[in-house]
Amino acid sequence: MKKALTIAGSDSSAGAGIQADLKTFAAHFVYGVSVITSVTAQNTKGVIAAFDLPKDFVKLQLEAIFTDIDIDAVKIGMLSSKEIIEVVSCRLKYFKARNIVLDPVVFSKNGFKLLKDEAIKTLYDELIPLCKVITPNIPEASLLAEMEIKSIDDIKLACKKILSFGCESVLIKGGHFDSDDVVDILFDGKDFYYFKGKRINTKNTHGTGCTLSSAIAANLALGYDVPYAVEKSKEYIQGAIENSLNIGLGFGPLDHFY
Ligand code: PLP
């Protein structure tokens, strides 16, 4: 059985974070393991508070996994602080982790900061160069590329800027554009790939970004190349959103096992 690791935050309502990642791995028949960076008190209405684990404890979890289990792919989500990014980058380098997918999570839907401002430079310097794919949405891509993104041409320019930080490929998710079709653009330094999906009219989209990036990691673990892993993951997320669940008072979760 293939094995994938998620390095991310816990979501008590289980729609996003570690819980969404483990469900996504299971839906792909990939054995999932986890390293928790931060514990959030959260429900479908939003994140209320976050408690970061001590960096040494993040390190112990990484060492526990990598000294025992041969990991086929890694998904990285909420990292919260500079110290946690440093420890994660250092251990991933040391253990020569492969197929790393980074979802550069900055804010939750309700605007709670999941990455501190001073951590962004460390993300560029230490972690992005280790990644096979990074999956920012438009606001995250704007922040990383330091530019406004208002058109497809802007997305392509942002892809080039982000790739210059040293990752192998970048997937910018177009969901924040106000259009009927959602176009995500993948750039690998050579070709642009366009992934079109229909916008689904539902408020129950909690954890969509977490789920897409963990599906990509699962598909890389299964041995697919990046463009095909993204294509399969887009199909999966489309079905999971179409079947999303009306749980809670806010933004309900996806159905990972539709
Ligand atoms: N909570 C955790 C632990 C997360 O990792 C994320 C996103 O990656 C979120 C919340 C935000 O999810 P959403 O934007 O769907 O509210």
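Source: prediction; values computed, not measured.

Here's the deal with the UniProt feature "domain: Pyridoxamine kinase/Phosphomethylpyrimidine kinase" (unreviewed entry) in the protein chain
Feature annotation in UniProt places "domain: Pyridoxamine kinase/Phosphomethylpyrimidine kinase" (unreviewed entry) on residues 11-254, given in this structure's numbering. Taken as a whole, residues 11-254 contains 39% helix and 20% strand, while its terminal C-alpha atoms sit 14 Å from one another.

Considerations on the sheet that holds strand 8 (residues 181-187)
Strand order across the open sheet formed by nine strands is 3-2-1-4-5-6-7-8-9, with mixed pairing between neighbours. Every interior strand has two partners, whereas the edge strands, strand 3 (46-52) and strand 9 (192-198), have only one. In terms of strand pairing, strand 2 (residues 31-43) meets strand 3 through six bridges, oriented antiparallel. By the bridge assignment, serine 38 is partnered in strand 3 with aspartate 52. Running over the sheet, helix 2 (residues 55-66) touches strand 1 (3-11) and strand 2 and is turned about 160° from strand 2.

Thoughts on the packing of helix 1 (residues 17-27) against helix 7 (residues 208-221)
Relative to each other, helix 1 and helix 7 sit at 40°, their axes nearing to 9 Å. Classified by the angle their axes make, helix 1 and helix 7 are oblique. In this structure, the crossing between helix 1 and helix 7 has a hand that is right-handed. The residues of helix 7 that touch helix 1, namely those facing Gly17, Ala20, Asp21, Thr24 and Phe25, are Cys210, Thr211, Ser214, Ala215 and Ala218. The class makeup of the residues in the contact of helix 1 with helix 7 is five nonpolar, four polar and one charged.

Describing the nonpolar core
In terms of nonpolar packing, the biggest core is built from 65 residues, with Val74, Val88, Val101 and Cys131 touching the most fellow members. If we ignore the near neighbours within four places in the chain, the residues touching valine 74 are Leu5, Ile7, Leu92, Ala97, Asn99, Ile100, Val101 and Ala217.

Observations regarding the site of the ligand
Taken together, the neighbourhood of the ligand is formed by 20 residues, with Gly9, Ala16, Gly17, Met78 and Lys109 sitting nearest. Only strand 1, strand 2 and helix 7 provide two or more residues apiece to the shell around the ligand. Classifying every residue of the shell around the ligand by side-chain character gives seven nonpolar, ten polar and three charged.

Quick notes on the environment of alanine 50
The residue alanine 50 is located in strand 3 in this model. In this structure, the C-alpha to C-alpha distance between alanine 50 and lysine 113, residues 63 residues apart in sequence, is 9.3 Å. Aside from chain neighbours lying at most four places away, what touches alanine 50 is Gly9, Ser38, Thr40 and Ser80.

Thresholds, definitions, all that
Residues numbered from 1 in each chain as written. Predicted model: local features only at pLDDT ≥ 70, side-chain atom pairs only at ≥ 80, totals over all residues. UniProt positions renumbered as here; feature names shortened; annotations may be inferred. Helix = DSSP H or I, 4+ residues; strand = E, 2+ residues; numbered from the N terminus. Pairing = 2+ DSSP bridges. Contact = placed C-beta atoms within 7 Å. Axes fitted to C-alpha atoms, helices over the stretch in contact; angles between N-to-C directions. Parallel < 35°, antiparallel > 145°, perpendicular 65-115°, else oblique. Left-handed = near helix turned anticlockwise from the far one by under 90°. Nonpolar A, V, L, I, M, F, W, Y, C, P; charged D, E, K, R; others polar. Core = buried A, V, L, I, M, F, W, Y, C linked by C-beta atoms within 7 Å. Buried ≥ 20, exposed ≤ 12 C-beta atoms within 10 Å, placed from the backbone. Near = placed C-beta within 6 Å.

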